[in-house]
Amino acid sequence: MRALICILLLSVLISGCKKSGSVGVTTGGTVTVMGIIQPQGATTYMYGTHTIKNIDQYFALRSSTITLDDYKGKSVILTGNKVAGYPVDGGPDYLDVMTIKVQ
């Protein structure tokens, strides 16, 4: 009986750990996103230099260490930290990009 309860509890815990496709958030506000980088155009929220979009989410991007223009139109996996105080004006979450890998 204990084994059955342990298996049931384990399956409930595993099903609660649903991964949201190509977006992962870890502790400390670090986010990993897979998608295509595009230059930021005119928007109502006006923050970020580039954007990344995947099936589930849309992010505004900035980076002081990586030239995001080098990745324009490319499918990438990037890791960034959420910028405090965002989103604003109905805009997307704002990420400070730390690493990028072309797929």
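Bear in mind the structure is a predicted one, so any value in this text is a computation, not a measurement.

Right, let's talk about the nonpolar core for a bit. Nonpolar side chains in soluble globular proteins generally cluster together in the buried interior. Grouped together as the largest cluster of nonpolar side chains are 14 residues, with contacts concentrated most on Ile37, Ile52, Leu61, Leu78 and Ile100. For this core, the elements supplying multiple residues, two or more each, are β2 (30–39), β4 (58–62), β5 (75–82) and β6 (93–102). Ignoring sequence-local partners within four residues, the contact set of leucine 61 consists of Ile37, Gly48, Thr49, His50, Thr51, Ile52, Leu68, Leu78, Tyr94, Leu95 and Val97. With 5 residues, the next largest nonpolar core counts Tyr45, Tyr47, Ala60 and Tyr94 among its residues.

A few words on the environment of proline 39. Positionally, proline 39 belongs in strand β2. Remark: the alpha-carbon pair of proline 39 and leucine 61, spanning 22 residues in sequence, is separated by 9.3 Å. In this view, proline 39 contacts Thr49, His50 and Lys72; residues no more than four positions away in its chain are not counted.

Now for the environment of methionine 46. Take methionine 46: it is sitting in the loop between β2 and β3 (50–53). Here the alpha-carbon distance between methionine 46 and glycine 91, two residues 45 residues apart in the chain, equals 8.4 Å.

Turning to the confidence of the model for the protein, a few remarks are in order. Summary statistics for the protein give a mean pLDDT of 82 and a share of 73% for residues scoring 70 or more. When the criterion is pLDDT under 50, residues 12–22 qualifies, and its contacts beyond four places in sequence or with other chains add up to 6 contacts.

What counts and how
All residue numbers here refer to positions counted from 1 along the written sequence of the relevant chain. Selection of residues for local features in this predicted model requires a pLDDT of at least 70, selection of side-chain atom pairs for listing and counting requires 80 or more, and totals for whole chains, interfaces and linings are taken over all residues. Where side-chain values are given, they derive from all heavy atoms of the structure, hydrogens and water being excluded. Here, the term nonpolar core denotes a set of buried Ala, Val, Leu, Ile, Met, Phe, Trp, Tyr and Cys residues that are joined through side-chain atoms within 4.5 Å. For the exposure calls, accessible area comes from a 1.4 Å probe over protein chains only, and a residue counts as buried if that area is under 20% of its type's maximum, exposed if over 50%, partly exposed in between. Under the scheme used here, helices are H or I runs from DSSP no shorter than 4 residues and strands are E runs no shorter than 2 residues, and both carry numbers assigned from the N terminus. In this description, contact between two residues means that some pair of their heavy atoms is separated by no more than 4.5 Å. Confidence scores per residue from the predictor, reported as pLDDT, run from 0 to 100.

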